[in-house]
2 protein chains.
Amino acid sequence: MAVGDYPFPHMHPVQGVKLTAVSAGIKKVGRRDVVLFELAEGSSVAGVFTKNAFCAAPVTLCKDHLSKAPIRYLLINSGNANACTGEQGLLDAKATCAAIAELTGVTPEQVLPFSTGVIGEPLPVQKITAVIPEALEKVNIDGWDDAGAGIMTTDTRPKGFSQQFEYQGKTITVNGISKGAGMIKPNMATMLGYIATDAKIAQPLLQALAHEAADKSFNRITIDGDTSTNDSCILIATGQIDLPEVTEPKGELYAKLREVIFAAHIHLAKSIVSDGEGATKFVTVAVSGGATRDECLDVAYAVAHSPLIKTALFASDPNWGRIVAAIGYAGVADLDATKVRVHLNDTLIVEHGGRAKSYTEEQGQAVMKQAEIAININLGRGDVAETVWTTDLSYEYVRINADYRS
Amino acid sequence: MAVGDYPFPHMHPVQGVKLTAVSAGIKKVGRRDVVLFELAEGSSVAGVFTKNAFCAAPVTLCKDHLSKAPIRYLLINSGNANACTGEQGLLDAKATCAAIAELTGVTPEQVLPFSTGVIGEPLPVQKITAVIPEALEKVNIDGWDDAGAGIMTTDTRPKGFSQQFEYQGKTITVNGISKGAGMIKPNMATMLGYIATDAKIAQPLLQALAHEAADKSFNRITIDGDTSTNDSCILIATGQIDLPEVTEPKGELYAKLREVIFAAHIHLAKSIVSDGEGATKFVTVAVSGGATRDECLDVAYAVAHSPLIKTALFASDPNWGRIVAAIGYAGVADLDATKVRVHLNDTLIVEHGGRAKSYTEEQGQAVMKQAEIAININLGRGDVAETVWTTDLSYEYVRINADYRS
């Protein structure tokens, strides 16, 4: 089940990025489960990773490798998360990097490993290394579709973004793919995201952009409130287009790159929500009028995580009382309930501490029947605003997650 | 649906407490929905209430009345929460108190009002006041069964506790009833609890006991993480047994009263969890080895609120990876994942940052098949321990909450 209109787009090539997906037999036979990126020499690579204390072995290794050597390969397997696998997990992830190094002449530190899937099972290293020669042979600049499909787990559809713009007569491309459908929450989740441009951006600036963009996109989506051990988002700038390197956060090219890179992150993040496990609604929770960013996010997440609100959304029931209750328990100090205003899309539903006089149940139901719903909350105490995106909670969510391993 | 063995007990009378339940037609015709407690003169009454910023009108009034006059009546209606009803809600709640005052000669401030049910609908004051004469006529010392049933909303069964003990040749009784099945979370929820003893306890001490007991019981249960606007827990000491008043937290009688009053709170709280909406499992999350109380609770609630863990529990799937992931994202600073140990009941499942070597899937499944499951987590960094109780997340939970108003 999925909601909203997020088709996989036509993917333009990104100069300096070759990629492919092959089948190693980790997932069901015949499904592609190993993806390889080959990056041109001179590429800058930045990463943002899960904050989970039980972060998976590949995450530990990615952070280490990013600090050491220029990255040339990204190796991603789906079907097995190599998480909570202790010391052996680290050795296993290293072995896959070493296998690429051996065949290509780069060092193992020039390879970033990623895994997504079941937690706590040993990584099937042999299966992965066995298909690396095939993957190295197959990588090509038109491999984005295959890669988008190859990183999926419980996703019902691949997620992609591709946009080009002109600058001083040169065409610059920004592409991205992502995966994730459950266990999605701030500070990332079982989500993987890969965004690449062929512009040239200095690594420190690229890292700053990666953090900033993830914070407004992948860190603002939530399906079930759970954060995974494996979340990783990688931003690549190959520098293959003949333009000066962007080294500082200013100027026209920087502004345009930032705009499109942000758009890529937000589109990929929203694509994940739209494919949320069992989702029948795409829900935007926009909190404004807050005194601080934290209190806006506290309220937004209280609403976005409430199973009572999520089941009401599933039922298309404009149960505004549950929304109000969630705002009330979000923990905002000295919240004046009489100043809070809540709109469902453009329909005012709550003001003066209760149901708005103008509101009718019919209005609420008209909004709730739609597949995309905005819950707009004004706290009436400041100028700060924050937005998060989430889904409803359906029978299907329970079915998917009760059956995942069986 | 309900889980575990929490039958409604034989309720001994509490000297000085008369009560009954009558039908006012707020819920379905014929169902009892108004409960009245009449307390003997000289009773001490203490209360603990929701922290929700949108607290309901009756909660506001309860707090006010408790600070003003000795309480003689408790008036509870189910079917309508009188929450988010603004100024009119307060006037309505006051009107019900006034109606009792007029018929009995007490002041309106000597009446505590409580409401539970749908949020945001005007309180049907006329229906309630119309049945007050009948209720006043019917109150009797054996009305606990009726009252237990009368305060139910989505509960599938009434919840009660009754225990007696001897002290210096006198029999002291501690009784309690509670309601609540969803929207249950720390800092209370749509839960109401009434605990009464015929011992004599000074009000300040009674208030301290009420806070302490609620904190270890009703504030440690969670079904869906939502906190309601109406939660209230009342502790009554009628003083009708001819024994000296307990005024200080010491001595044999105090210790025994505290023990039984705590037992009443914990039993009633666990009864609520066992009747959690759609519950098929009763789950104890016990966190030990913490450095602080807060971090133990953060971990316990991260686990208890995780929809991924709750759906795995529903599926009887020992998906320990999800438990580990939740511990990891609970936000404990500098958590050393390699020191964390997790048991399912007595079965060690996680140590050294991964699955325990001794663990087999069969062991985990054997535990998961049971109706009562303990997730025991040792953080390996201190001596503090905290326990919370919760349920699984089933299709039935979604059905109940998607259909509640329709």
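Residues numbered from 1 in each chain as written. Chains lettered and ligands numbered in written order. Predicted model: local features only at pLDDT ≥ 70, side-chain atom pairs only at ≥ 80, totals over all residues. Heavy atoms only, no water.

1. So, the relation of the copies chain A and chain B
What connects the two chain copies is a rotation about an axis and a shift along it. So the rule is basically this: When the copies are superposed, the least-squares fit draws on C-alpha atoms of residues that have pLDDT of at least 70 in both. For this analysis, residues touch if any pair of their heavy atoms sits within 4.5 Å.
Least-squares fitting of chain A to chain B yields an RMSD of 0.1 Å, with the superposition described by an axial translation of 0.0 Å and a rotation of 180°. The superposition operator between the copies reduces to a two-fold rotation axis. For chain A, the residue whose C-alpha comes nearest the rotation axis is Tyr395 of chain A, separated from it by 2.8 Å. Here 100% of the contact residues of chain A are again contact residues in chain B; the copies associate through an equivalent surface.

2. What about the interface of chain A and chain B?
We count it as follows: Note on definitions: buried area is the accessible-area loss of two parts on being combined, 1.4 Å probe, summed for both. For this document, the term salt bridge refers to a Lys or Arg side-chain nitrogen within 4 Å of an Asp or Glu carboxyl oxygen. Here a polar contact is taken to be a pair of N or O atoms separated by no more than 3.5 Å, where protein atoms must pair a possible hydrogen donor with a possible acceptor and residues adjacent in sequence count only if both atoms sit in side chains. Strands are runs of DSSP state E lasting at least 2 residues, helices are runs of H or I lasting at least 4, and numbering of each runs from the N terminus. In this classification, Asp, Glu, Lys and Arg are treated as charged, Ala, Val, Leu, Ile, Met, Phe, Trp, Tyr, Cys and Pro as nonpolar, and every other residue, Gly included, as polar.
At the interface, 53 residues of chain A touch 53 residues of chain B. In total, about 4300 Å² of surface goes out of reach between chain A and chain B, with carbon and sulfur atoms giving 62% of it. Here Glu121 of chain A ties to Arg355 of chain B by a salt bridge, and the two come within 3.6 Å at their closest N and O atoms. Counting the contacts that link chain A with chain B gives two residue pairs in polar contact (both at pLDDT 80 or more). Only α8 (307–314), α9 (320–329), β13 (354–355) and α11 (395–403) of chain A provide two or more residues apiece to the side of chain A that touches chain B. If you tally residues by element for the side of chain A that touches chain B, the top one is α9 of chain A, at eight residues. Of the residues assigned to the side of chain A that touches chain B, the class counts are 26 nonpolar, 17 polar and ten charged.

3. A closer look at the pattern of salt bridges
All names here are of chain B. Note the threshold: Type-normalised accessible area, obtained with a 1.4 Å probe on protein chains alone, sets the label of each residue: buried when under 20%, exposed when over 50%, and partly exposed for intermediate values.
In this structure the tally under the stated criterion is 34 salt bridges over all chains. Here Lys68 and Asp64 are joined by a salt bridge, their closest N and O atoms 3.0 Å apart. Assessed through its relative accessible area of 53%, Lys68 is described here as exposed. Among the residues examined, Asp64 registers a relative accessible area of 29% and is labelled partly exposed. Residue Asp275 is joined to Lys159 by a salt bridge in which the shortest nitrogen-to-oxygen separation is 2.7 Å. Here Asp275 is found in the loop between α6 (252–274) and β10 (282–290), whereas its partner Lys159 is found in strand β6 (residues 159–167), with 116 residues between them in sequence. Each member of the pair, Asp275 as well as Lys159, carries the same accessibility label: buried.

4. Some words on the packing of α8 of chain A against α9 of chain A
Residue and element names in this part refer to chain A. What counts is decided by this rule: In this analysis, axes come from line fits to C-alpha atoms, helices being fitted only over the stretch in contact, and the angle between any two N-to-C directions falls in the range 0 to 180 degrees. Put simply, angles under 35 degrees are roughly parallel, angles over 145 are roughly antiparallel, angles from 65 to 115 are roughly perpendicular, and the rest are oblique. By definition, turning the near helix anticlockwise from the far helix through less than a right angle yields a left-handed crossing, and turning it clockwise yields a right-handed one.
Where α8 meets α9, the closest approach of the two axes is 9 Å, and the angle between their N-to-C directions is 155°. One finds that α8 runs roughly antiparallel with respect to α9. The element α8 and its partner α9 pack so that their crossing is left-handed. Within the contact between the two elements, α8 uses Leu308, Ile309, Thr311 and Ala312 and α9 uses Arg322, Ile323 and Ala326. Residues of the contact of α8 with α9, tallied by class, amount to five nonpolar, one polar and one charged.

5. Examining the domain arrangement of chain A
All names here are of chain A. For clarity, the cut-off: Residue ranges assigned to the domains are those given by an automatic or database domain assignment.
Along its sequence, chain A is organised into domain 1 (17–274) and domain 2 (282–403). Computed from C-alpha atoms alone, the centre-to-centre distance between domain 1 and domain 2 is 33 Å. Listed by partner, the interface residues are 16 residues for domain 1 and 14 residues for domain 2. For the pair domain 1 and domain 2, the summed buried surface comes to about 1300 Å²; carbon and sulfur atoms form 59% of the total. Linking domain 1 with domain 2 are three salt bridges.

6. A short note on the packing of helix α1 (residues 57–66) of chain A against helix α2 (residues 86–104) of chain A
If you want to describe how two helices pack, look at the angle between their axes and the distance between the axes. Residues and elements named next belong to chain A. Two elements in contact, α1 and α2, have axes separated by 8 Å at closest approach and are oriented at 55°. The angle between α1 and α2 places the two elements in the oblique class. Judged by the sense of rotation from one axis to the other, the crossing of α1 with α2 is right-handed. Contact residues: α1 offers Ala57, Pro58, Thr60, Leu61 and His65, while α2 offers Gly89, Leu90, Ala93, Lys94 and Cys97.

7. Observations regarding the sheet that holds β13 of chain A
Residue and element names in this part refer to chain A. Operational definition: Being paired, for any two strands, means DSSP has found at least two bridges between them.
In space, the six strands of this open sheet follow the order β13-β12-β11-β14-β10-β15, with mixed pairing throughout. Every interior strand has two partners, whereas the edge strands, β13 and β15 (384–391), have only one. Two strands pair when backbone bridges link them, and strand β10 (residues 282–290) and strand β14 (residues 372–378) are joined in this way by seven bridges, in the parallel orientation. Within β14, the residue paired with Ala286 across the bridge is Asn376. Here helix α7 (residues 293–305) sits on the sheet and contacts β10, β14 and β15; the angle it forms with β15, its principal contact strand, is near 20°.

8. Here we look at the UniProt feature "binding site: substrate" (unreviewed entry) in chain A
Residues and elements named next belong to chain A. Threshold: UniProt positions are given in the numbering used here, feature names are shortened, and annotations may be inferred rather than shown by experiment.
Mapped onto this numbering, the UniProt entry annotates "binding site: substrate" (unreviewed entry) at Thr153, Lys179, Thr190, Glu277, Asn401 and Ser406. Mapped onto the fold, Thr153 is located in the loop between α4 (144–150) and β6 (159–167). The residues touching Thr153, leaving out its near neighbours within four places in the chain, are Arg31, Ser78, Gly79, Thr116, Gly117 and Lys179. Among the structural elements, Glu277 can be located in the loop between α6 (252–274) and β10.

9. Re the side chain of Ser43 of chain A
Residues and elements named next belong to chain A. If you trace the backbone, Ser43 turns up in the loop between β2 (34–39) and β3 (44–49). Engagement of the side chain of Ser43 in a polar contact is seen with the backbone oxygen of Ala40, the distance being 2.7 Å. Sequence-distant contacts of Ser43, that is, excluding residues within four places in its chain, are made with Ala237 and Thr238.

10. A short note on the sheet that holds strand β7 (residues 170–179) of chain A
All names here are of chain A. Within the open sheet, the five strands sit side by side as β3-β9-β8-β7-β6. Their pairing is mixed. Each having just a single partner strand, β3 and β6 make up the two edges of the open sheet. Neighbour to neighbour, the strand axes of the sheet diverge by 10° on average, direction disregarded. Pairing of β7 with strand β8 (residues 192–197), which is carried by six bridges, proceeds in the antiparallel orientation. Residue pairing across strands places Gly176 opposite Ile195, the latter belonging to β8. α1 rests against β3 and β9 (232–237) of the sheet, and its axis sits at about 145° to β3.

11. Remarks on unusual backbone geometry
All names here are of chain B. In the Ramachandran plot, Cys84 falls in the positive-phi region, its phi being about 60° despite a non-glycine side chain. Inspection of the secondary structure assignment puts Cys84 in the loop between β4 (73–80) and α2 (86–104). The exposure class of Cys84 is buried, given its relative accessible area of 7%. For Asn345, which is not glycine, the phi torsion reads 50° and is therefore positive. The topology assignment puts Asn345 in the loop between β11 (341–344) and β12 (347–351).

12. Quick look at the packing of aromatic side chains
Two measures describe an aromatic ring pair: the distance that separates the ring centres and the angle between the ring planes. To keep it simple, the criterion reads: Each Phe, Tyr or Trp ring (for Trp, its six-membered ring) is paired with any other whose centre lies within 6.5 Å, and the angle between the two planes then decides the class: stacked below 30 degrees, edge-to-face above 60, tilted in between. The criterion for a charge sitting over a ring is simple: Lys NZ or Arg CZ within 6 Å of the ring centre, and within 35 degrees of the ring normal.
Scanning the model with the defined rule gives eight aromatic pairs over all chains in all. Here the aromatic rings of Phe37 of chain A and Tyr194 of chain A are separated by 5.3 Å at their centres, their planes lie at 35°, and the arrangement is tilted. Of the two residues, Phe37 of chain A sits in strand β2 while Tyr194 of chain A sits in strand β8, which places them 157 residues apart along the sequence. Look at Phe114 of chain B and Tyr194 of chain B: their rings are 5.1 Å apart centre to centre, the planes differ by 90°, and that puts the pair in the edge-to-face class. With Phe114 of chain B in strand β5 (residues 111–118) and Tyr194 of chain B in strand β8 (residues 192–197), the pair connects residues that are 80 residues apart, well separated along the chain. Looking at Phe114 of chain B, the relative accessible area reads 2%, which means it is buried. With a relative accessible area of 1%, Tyr194 of chain B lands in the buried category. An aromatic cluster of three or more residues is present, and its members are Phe37, Phe114, Trp144 and Tyr194 of chain A. Over the aromatic face of Phe165 of chain A sits the side chain of Lys256 of chain A, whose NZ or CZ is 5.6 Å from the ring centroid.

13. Quick word on the side chain of Thr85 of chain B
Inspection of the secondary structure assignment puts Thr85 of chain B in the loop between β4 and α2. Residue class for Thr85 of chain B comes out buried when judged on its relative accessible area of 18%. A distance of 2.7 Å separates the side chain of Thr85 of chain B from the side chain of Asn82 of chain B, its partner in a polar contact. With residues up to four places along the chain from it excluded, the contact list for Thr85 of chain B reads Gly353 of chain A together with Ala57, Gly120, Glu121 and Pro122 of chain B.

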